[in-house]
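Fold and contact review
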Amino acid sequence: MSRVLIIESSARQQDSVSRQLTQTFIAQWQAAHPKDQITVRDLAVNPVPHLDINLLGGWMKPADQRSDIEQVSLERSNQLTDELLAADVLVMAAPMYNFAIPSTLKAWLDHVLRAGVTFKYTETGPQGLLSGKRAYVLTARGGIYAGSTADHQEPYLRQVMGFIGIHDVTFIHAEGMNLGGDFQEKGLNQANAKLSQVA
Ligand SMILES: Cc1cc2nc3c(=O)[nH]c(=O)nc-3n(C[C@H](O)[C@H](O)[C@H](O)COP(=O)(O)O)c2cc1C
């Protein structure tokens with residue numbers, strides 16, 4: 001039995017392409033791995049707060065010096081890192097907003113990139129602690145960016161995931177979602193064809 005953690009971040013619900021991709025992923029994964037446990041964390045419905053002074057205090061201060069609010073911030077961060085540490089497979093749905101990832105997803109990353117928990121500093125530099133995990137990133141984009149220098153999603157997400165030790169990352173992009181003609185249909189077909197090879 002493997003654990004699959006799905007991260008949703010589209011502000012849209014029924015019209016969301018990235019949510020459509022995660023639904024397809026879940027259906028195909030469950031058919032191929034019926035015993036796997038799937039957890040969905042929806043950052044649009046339940047956003048995590050931005051990194052702030054209370055979270056930093058919760059991380060840095062010893063227990064007897066933490067304020068109540070710092071303790072609450074620490075416990076929230078622990079819940080998010082525990083969920084990620086427990087997962088064998090991470091599926092991240094990321095709409096492109098303003099050339100990058102949604103701020104809700106960035107806030108989640110700010111909680112889970114944690115020294116001593118998901119990475120550590122060594123004499124030779126930082127080392128990721130999440131070995132043996134696989135990740136799939138399902139993006140939806142209005143335009144077409146894959147492979148270009150204007151793609152600020154894939155290189156960034158590869159870097160942060162590699163930083164915490166997740167190197168086996170597959171990106172599936174649904175591109176051209178806001179373009180006319182048959183771009184949208186082609187983009188969706190391409191993404192679904194790649195998705196069908198995953199499970
Ligand atoms: C606030 C906002 C910002 C967006 N910024 C971009 C952008 O910079 N580049 C782009 O190609 N598409 C952009 N789009 C279009 C979305 O990436 C596209 O509609 C995608 O399908 C959204 O994902 P979703 O369908 O899962 O909600 C933006 C959409 C919104 C709502």
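Everything below is about the structure shown above.
First things first, this report covers the structure right here in the doc. (Residues numbered from 1 in each chain as written. Predicted model: local features only at pLDDT ≥ 70, side-chain atom pairs only at ≥ 80, totals over all residues. Heavy atoms only, no water.)

Some remarks on the site of the ligand
- Contacts to the ligand come from 17 residues, most closely from S10, R12, S16, S18 and M96.
- In this structure, A140 approaches the ligand through a main-chain N or O atom, which is 3.4 Å from an oxygen atom.
- Within the backbone of G142, an N or O atom sits 3.1 Å from a nitrogen atom of the ligand.
- Compared with its free state, where it exposes 630 Å², the ligand has 76% of that area covered by protein. (Near = heavy atom within 4 Å. Polar contact = N/O pair within 3.5 Å; in protein donor to acceptor, adjacent residues only side chain to side chain. Areas by Shrake-Rupley, 256 points an atom, 1.4 Å probe, with all protein chains shown as cover.)

What to know about the pattern of salt bridges
- As enumerated under the stated definition, the model contains 8 salt bridges in all.
- D151 is the salt-bridge partner of R141, the closest N and O atoms lying 3.0 Å from each other. Of this pair, R141 sits in the loop between β6 (134-140) and α5 (154-163) while D151 sits in the loop between β6 and α5; the two residues are 10 residues apart in sequence, bridging distant segments of the chain. The pair R141 / D151 is uniform in exposure class, with both members buried. (Salt bridge = Lys/Arg side-chain N within 4 Å of Asp/Glu carboxyl O. Helix = DSSP H or I, 4+ residues; strand = E, 2+ residues; numbered from the N terminus. Buried < 20%, exposed > 50% of the residue type's maximum accessible area, 1.4 Å probe, protein only.)

A short note on the packing of helix α1 (residues 17-32) against helix α6 (residues 183-195)
- Across the interface, α1 lies against α6 with an axial gap of 10 Å and an inter-helix angle of 25 degrees. By the angle between their axes, α1 is roughly parallel relative to α6. At the point where α1 passes α6, the crossing takes the right-handed sense. Each of V17, Q20, L21, T24, F25 and Q28 in α1 lies in contact with α6, whose residues at this interface are L188, A191, N192 and L195.
- When the residues that make up the contact of α1 with α6 are grouped by side-chain class, the tally is 6 nonpolar, 4 polar and no charged. (Axes fitted to C-alpha atoms, helices over the stretch in contact; angles between N-to-C directions. Parallel < 35°, antiparallel > 145°, perpendicular 65-115°, else oblique. Left-handed = near helix turned anticlockwise from the far one by under 90°. Contact = heavy atoms within 4.5 Å. Nonpolar A, V, L, I, M, F, W, Y, C, P; charged D, E, K, R; others polar.)

Looking at helix α2 (residues 53-60)
- For α2, the full list of buried residues reads N54, L55, G57 and G58. Looking straight down α2, one finds its buried side chains confined to an arc of 160 degrees; they lie on one side. Residues I53 and M60 are exposed on α2 and point more than 90 degrees away from its buried face.
- Where the residues of α2 are buried, they touch α3 (68-86) and α4 (103-112).
- Structurally, the start of α2 carries an N-cap: the backbone nitrogen of N54 is 3.2 Å from a side-chain oxygen of D52. (Arc of directions from axis to C-beta.)

Brief notes about the pairing of strand β1 (residues 3-8)
- Counting buried positions along β1 yields 5 of 6 residues, so the element is predominantly enclosed.
- Regarding topology, α1 serves as the crossover connection from β1 to the parallel strand β2 (residues 37-42), and that connection is right-handed.
- In terms of strand pairing, β1 meets strand β3 (residues 89-95) through 4 bridges, oriented parallel. Within β3, the position partnered with I7 by the bridge is M92. (Right-handed = clockwise from strand over helix to strand, strands pointing away. Pairing = 2+ DSSP bridges.)

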